[in-house]
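A look at the structure
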Amino acid sequence: MSIPRFPCMKHRSRALLLPWLMGIALVGTSLTEGPPHDPPPTDTPPPFLTVPTPWADSLIATLSMERQIAQLMMVAAYSNKDGKHEEAIEKLVRERHIGGLIFFQGGPYRQVRLTERYQQAAQVPLLLGMDLEWGLSMRLDSTMRFPRQMLLGALHDDAPVEAMGLEIARQMKRIGVHVSFSPVVDVNNNPRNPVIDDRSFGEDRENVLRKGLAYMRGLQRGGVLAVAKHFPGHGDVDSDSHHTLPYIAHPRERLDSLELWPFRRMAGAGLSAVMVAHLEVAALDSTKGLPSTLSKAIVHDLLLGELGFQGLVFTDALNMKGVANAEKPGEIELRALLAGNDVMLFPQDPVKAIERIRKAVTDGEVDSARIAHSCLKILRAKEWAGLPQRSPIALSGIAGDLDRPEARVLRHDLHAGAITVVRDHHGLLPLHGPREKEQARIASVAIGGEQDNPFHRALKRHADVATFRCDKDLGADALKRLLEDLGPYDVVIASVHGTTWRKNKEYGIPASAFSIVKAIAAKKRTVHVHFTNPYRLLKADGPMLMATTVLAYEETDDAMLAAADALFGAIPSNGRLPVTAQAMLRANDGVDLRATGRLHDAAPEALGIRTSSLAGVDSIVLEGIKAKAFPGCQVLVAVDGQVIVDRVYGHHTYDGKRFVRQDDLYDLASITKVAATTLALMALVDDGRIAVNDKLGKHLPELEKSHPQHAKMTLRDILTHQAGLKAFVPFYTRIRKNGGFKPNTVSPSRSEEYPIRIADGLYLHKAYQDSLLRWTLDTPLRDKSDYLYSDMGYYLLQALVERITGTSLDRFTEERFYRPIGATTLGYRPLERFPLDRIAPTEKDTIFRKRLVHGDVHDPGAAMMGGVAGHAGLFGSARDLAKVMQMLLDGGTYGGRRYISEETVNEFTKCQFCKPDGNGNRRALGFDRPVAGGKGPTCDCVSYASFGHTGFTGTMAWADPESRVVYIFLSNRVYPDAEPNKLVKAGTRTRIQEVVHAAVAARVKTEPMSTVGLGR
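Reading the values: the criteria
Residues numbered from 1 in each chain as written. Predicted model: local features only at pLDDT ≥ 70, side-chain atom pairs only at ≥ 80, totals over all residues. Heavy atoms only, no water. Helix = DSSP H or I, 4+ residues; strand = E, 2+ residues; numbered from the N terminus. Buried < 20%, exposed > 50% of the residue type's maximum accessible area, 1.4 Å probe, protein only. Contact = heavy atoms within 4.5 Å. Areas by Shrake-Rupley, 256 points an atom, 1.4 Å probe, with all protein chains shown as cover. Lys, Arg positive; Asp, Glu negative; His and termini not counted. Charge placed at Lys NZ, Arg CZ, Asp CG, Glu CD. Salt bridge = Lys/Arg side-chain N within 4 Å of Asp/Glu carboxyl O. Pairing = 2+ DSSP bridges. Axes fitted to C-alpha atoms, helices over the stretch in contact; angles between N-to-C directions. Parallel < 35°, antiparallel > 145°, perpendicular 65-115°, else oblique. Left-handed = near helix turned anticlockwise from the far one by under 90°. pLDDT = per-residue confidence, 0-100. Right-handed = clockwise from strand over helix to strand, strands pointing away. Expected span 1.5 Å × (residues − 1). Nonpolar A, V, L, I, M, F, W, Y, C, P; charged D, E, K, R; others polar. Polar contact = N/O pair within 3.5 Å; in protein donor to acceptor, adjacent residues only side chain to side chain.

Re the overall build of the protein chain
- A count of helical and extended segments in the protein chain gives 36 helices and 35 strands.
- Its C-alpha atoms give the protein chain principal-axis dimensions of roughly 120 × 60 × 50 Å.
- Burial status across the protein chain gives 62% buried among its 1016 residues.
- Counting only contacts in the protein chain whose residues sit at least 6 apart along the sequence, the fraction spanning at least 24 positions is 72%.
- For the protein chain, the exposed surface amounts to about 37400 Å²; the carbon and sulfur share of it is 50%.
- Of the charged side chains in the protein chain, 127 are positive and 118 negative, and the gap between their average positions amounts to 2 Å.

Topic: the pattern of salt bridges
- Using the criterion set out here, one finds 65 salt bridges in the structure.
- The shortest N-O distance in the salt bridge between Glu-86 and Arg-117 comes to 3.1 Å. Of the two residues, Glu-86 is situated in helix α4 (residues 83-96) and Arg-117 in helix α5 (residues 108-121); the sequence distance between them amounts to 31 residues.
- According to the relative accessible area criterion, Arg-117 is partly exposed, its value standing at 29%.
- If you follow the salt bridges from partner to partner, you end up with Asp-131, Glu-133, Arg-139, Arg-199 and Lys-229 in one network.

Topic: the sheet that holds strand β34 (residues 955-960)
- Overall, mixed pairing links the six strands, which are arranged β17-β19-β18-β35-β34-β33 in an open sheet. In this open sheet, the two edge strands, each paired with only one partner strand, are β17 (600-601) and β33 (947-951).
- Pairing analysis gives seven bridges linking strand β18 (residues 632-639) to strand β35 (residues 965-971), with the strands arranged antiparallel. Residue pairing for β35: Val-637 is matched across the bridge by Tyr-967.
- Its contacts with the sheet put helix α36 (residues 988-1001) on β18, β33, β34 and β35, and the angle it makes with β35 is roughly 155°.

Side note on the packing of helix α19 (residues 476-485) against helix α20 (residues 511-523)
- Between α19 and α20, the least distance of the axes is 11 Å, while the angle of their chain directions is 40°. Relative to α20, α19 is oriented oblique. The hand of the α19/α20 crossing is right-handed. The residues of α20 that touch α19, namely those facing Leu-479, Leu-482 and Leu-483, are Ile-516, Ala-519, Ile-520 and Lys-523.

Concerning the sheet that holds strand β24 (residues 756-759)
- With antiparallel pairing, three strands are arranged side by side in an open sheet as β23-β25-β24. What marks the edges here is a single partner per strand, and that holds for β23 (746-747) and β24.
- In this sheet, strand β25 (residues 762-764) lies alongside β23 in antiparallel orientation, the contact comprising two bridges. Note on β25: the bridge partner recorded for Val-746 is Leu-764.

Considering the confidence of the model for the protein chain
- Residues at a pLDDT of 70 or more form 94% of the protein chain, whose mean pLDDT is 92.
- Under a pLDDT of 50 for its full length, residues 1-39 has, in the predicted model, 72 contacts with residues more than four places off or in other chains.
- Contacts for the low-pLDDT stretch residues 1007-1016, under 50 throughout, to residues beyond four places or in other chains number 29 contacts.

Some words on the environment of Ala-878
- Tracing the backbone through its elements, the reader meets Ala-878 in helix α33 (residues 878-889).
- Taking the relative accessible area as the measure of exposure, Ala-878 reaches 2% and is therefore buried.
- Taking the C-alpha atoms as reference points, Ala-878 and Val-635, separated by 243 residues in sequence, lie 6.9 Å from one another.
- Not counting the four nearest positions on each side in its chain, Ala-878 is found in contact with Gln-634, Leu-636, Ile-968 and Leu-970.

Quick notes on the pairing of strand β2 (residues 100-103)
- Burial of the side chains of β2 extends over both faces: Gly-100 and Ile-102 are buried on one face and Leu-101 and Phe-103 on the other.
- Pairing of strand β1 (residues 73-77) with β2 involves four bridges; the strand directions are parallel. Within β2, the position partnered with Ala-76 by the bridge is Ile-102.
- Where the polypeptide runs from β1 across α4 and back to β2, its parallel neighbour, the crossover connection is right-handed.
- Both β2 and strand β3 (residues 127-130) contribute to a ladder of four bridges, which runs parallel. Directly across from Phe-103, in β3, lies its bridge partner Met-130.
- Crossover β2 to β3 through α5 is right-handed.

Quick notes on α36
- Compared with the 20 Å implied by 1.5 Å per residue over 14 residues, the 20 Å span of α36 between its first and last C-alpha is a close match.
- Among all positions of α36, only Thr-988, Arg-989, Ile-992, Gln-993, Val-995, Val-996, His-997, Ala-999 and Val-1000 are buried.
- Taken together, the buried residues of α36 touch α23 (615-626), β18, β33, β34, β35 and α35 (982-986).

Focus on unusual backbone geometry
- Residues Phe-231 and Pro-232 are joined by a peptide bond in cis, for which omega reads 5°.
- Here Pro-232 is to be found in the loop between β5 (225-231) and β6 (247-248).
- With omega at -5°, the peptide bond leading from Tyr-975 into Pro-976 counts as cis.
- Here Pro-976 is to be found in the loop between β35 and α35.
- Positive phi is not limited to glycine here, since Asp-640 has a value of about 55°.
- By the secondary structure assignment, Asp-640 is in the loop between β18 and β19 (642-650).
- In the Ramachandran plot, Ala-669 falls in the positive-phi region, its phi being about 55° despite a non-glycine side chain.
- Tracing the backbone through its elements, the reader meets Ala-669 in the loop between β20 (666-667) and α24 (672-686).
- A relative accessible area of 7% means that Ala-669 is categorised as buried.

Remarks on the pairing of β34
- With six of six residues buried, β34 lies mostly within the body of the structure.
- Where burial is concerned, the two faces of β34 agree: the one with Thr-955, Ala-957 and Ala-959 and the one with Met-956, Trp-958 and Asp-960 are both buried.
- Where β33 lies against β34, five bridges are found, and the strand directions are antiparallel. Considered in β34, the bridge of Phe-947 is made with Ala-959.
- Two successive antiparallel strands, β33 and β34, enclose a turn made up of three residues, where Gly-954 displays a positive phi of approximately 105°.
- The pairing of β34 with β35 spans six bridges and is antiparallel. By the bridge assignment, Ala-957 is partnered in β35 with Ile-968.
- With antiparallel pairing between neighbouring strands as the criterion, β34 and β35 make up a hairpin whose turn holds four residues, including Arg-964 at a positive phi of roughly 60°.

A look at the packing of helix α7 (residues 159-174) against helix α8 (residues 205-221)
- Two numbers describe how α7 lies on α8: the axes approach to 7 Å, and their chain directions differ by 35°. Where α7 crosses over α8, the handedness of that crossing is right-handed. Contact residues: Val-161, Glu-162, Met-164, Gly-165, Leu-166, Ile-168, Ala-169 and Met-172 in α7; Lys-211, Ala-214, Tyr-215, Arg-217, Gly-218, Leu-219 and Arg-221 in α8.
- Considered class by class, the residues forming the contact of α7 with α8 number nine nonpolar, two polar and four charged.

Re the side chain of Thr-549
- You can see Thr-549 is positioned in strand β16 (residues 548-551).
- The buried category is assigned to Thr-549, whose relative accessible area is 0%.
- Of the polar contacts made by the side chain of Thr-549, one reaches the backbone oxygen of Ala-547; its length is 3.3 Å.

Below is the structure:
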């Protein structure tokens, strides 16, 4: 085969063709992964030139000239059009032997069916391409959408971009696509650009190059051809080449330093392909009105010659007005070929194009070697993509294969890594962080959004955030009312919703919406969270000058969850603004905020745990509900401070009228002992006000005379249930007689005489306010002081806490712990804070209160204490209880604050009297502990360093320091009757615990993507 005579080809360019046409494989150096600012490697050929190509090299000799020309055509195909379109495409494949298809709109199943149909019709396998800058969803419905490139440009680290490219490549290969027309490496330095905009990584050429290389590496590692676009640079235009021919007037020096720079560096770094844009660039070709696609000076001389690019050269779509007006169909494709392009993308009339180019060869306008040159490159690319060994694409399992949990983890991590704090006015962030002396009262206003939106729900997982909504355009009176509603709050989070990527729609944020933000910021310390393109901030000086500003770039569920987590310091924030949004918000601006250690949601795969390995949780719970062991429940699992399971099941009652929600409250029963009383005691130990070896009489000195035996009890013995106290005394029997209440003991309504609520419509006489403590002390002690689980000691410990603190147990724990850590549902007397339908009912009490217990504590003794007792009375949700357990697991810290010293946590959670043989008292101080052989409250799967507690109502809270697992199970298994205890008989709680710990034990020991790019 002779060396082709490429029109006007320089000697250097001709030499580049020798290895291709002689069938010699080029061996290139591999790309190295150095620091982000390392220069890319050079002189690395495209991947399809680094391996032997026997199939392509032998096949080209069998193809006629017309069929070689046909290989240069990549025709538009759709999977959402009618049969006439499909028949036309099949005819082009079968009769005209076109080389490839670019698929546009449709769906994955439909496209795969058509792919099989067209590939079966092709004598030479088709090269299939798609515009997939942000994944399959750019063209196909019901598929995963990854972020646009401007968001990726905000990432500090480039590795997640490469991971995204690799995942997109995997999905593409699953549906039989081989070419991705991405990444966009245009440097978007013109805010008025109507077509590139957020499709670019930004305005910093270095960042664009790094991210472009990362995206390229990911695609090509996954066996997909990456196509950098739009050469020679589409970033500084103010018109859209889909509709007209943009003009670029910059001198060559400027083009070399900016627009051309990423292409020049990528050309020698192993890039598979380049797409040439439809632009008029006077400095590169002075021919007036000539699109760059048809310019030999730009494609052949500059791209192939000066830049030395060896890969495939695609035209941009040849039906676009930027080029379509230059010539008629057929002539356009010929001129594109003569300019140096290999693949004619979206020819207006592929038959005319093939015939015109064939005529040009016959007439001597085009050397046949020129056709062979491009055809061989295309065939070698097909061979590299595995087309000679192509197998039929399976339709079954496509949905699951295109929506893997690992891919969802990656997508979330991309959003999380991009969160950019560009201004931290007043040093507000993180909210409720360690710098705050007082817990700010927070409100959030969704401007143009629903009040119960994903962002608001995510905020509420961290703190008691009051939520509001308003329209994007408010009259003076409505704005005044909104500001009045916000009056009681210290900090306001303002976010605009219903955004769009469309520049001509102001990105969905009219000026009136920014006026609302400005009005709020004038009155309150304000955090403005921006869920769309940063260019919209060009005309938002007022809000930006007055508010803390956080950019999330897109309004997706992932973006909203990540923004909420970042505001509260659950994840770090180190994104950088990829473009200049205004004079005060420049490219590369950003404030670094470290994570403060709060629970936040994550997919199991983020921690190397398979979602499928947790499937047993569902089956165990549903089995229990079916057996009527409990009507519904909440299950939460956190690993390493990340919530990987937060599920609700069933209903409040068996009538099925009210589904369980994640923010519902359950009666925690004896978990109160550790989550209230024991916490209070730990705080007092840290304060130096008590010691665990103190005798009770030291703090309640009146006992020295009245009850000397009780006065001698140590706090350690009470907390480990070996102080000689009886297990339980039914105090309620002392106010009942002959099936009813004794006279003058209860009233159906609250009054000064009857202030103690024990149930709905049932109030106890004030004379009984101190009775239970007195009755506890008057109850004879047991003969032995060995281990016996008892509620009785917690009446005494409550009295001690309240004596020392000078306040009630509920108020002390709320102010010291629950409110600061954002455990908004946790507390006593829930009806004072929440509506009844948020609280799961417990027992239909047929013995004491003779009614359904709903919203009041189930335990009779705690009820007679007015709902606040040391042993019972605490209500809350699984997530808020998990915050307490996580704080303990983390040695007493949460959200960057220390609540209890690590020394105290270690002392209280260790076994106090364990024996070497595993026998003896298993208890820690207040906390329960596991027993060898799984005979205690846990499965045998937890470590012996673990601790927690269970509750009679069907609850469990457990923390394991070795596996870093927090496990919460909340149910109302006592509804409607406490007996029989089917929950315990079925082992529901411990069986779930077994599933969880088995899944964690089998976790893949790799660095989770959630940490990639999030640390600086």
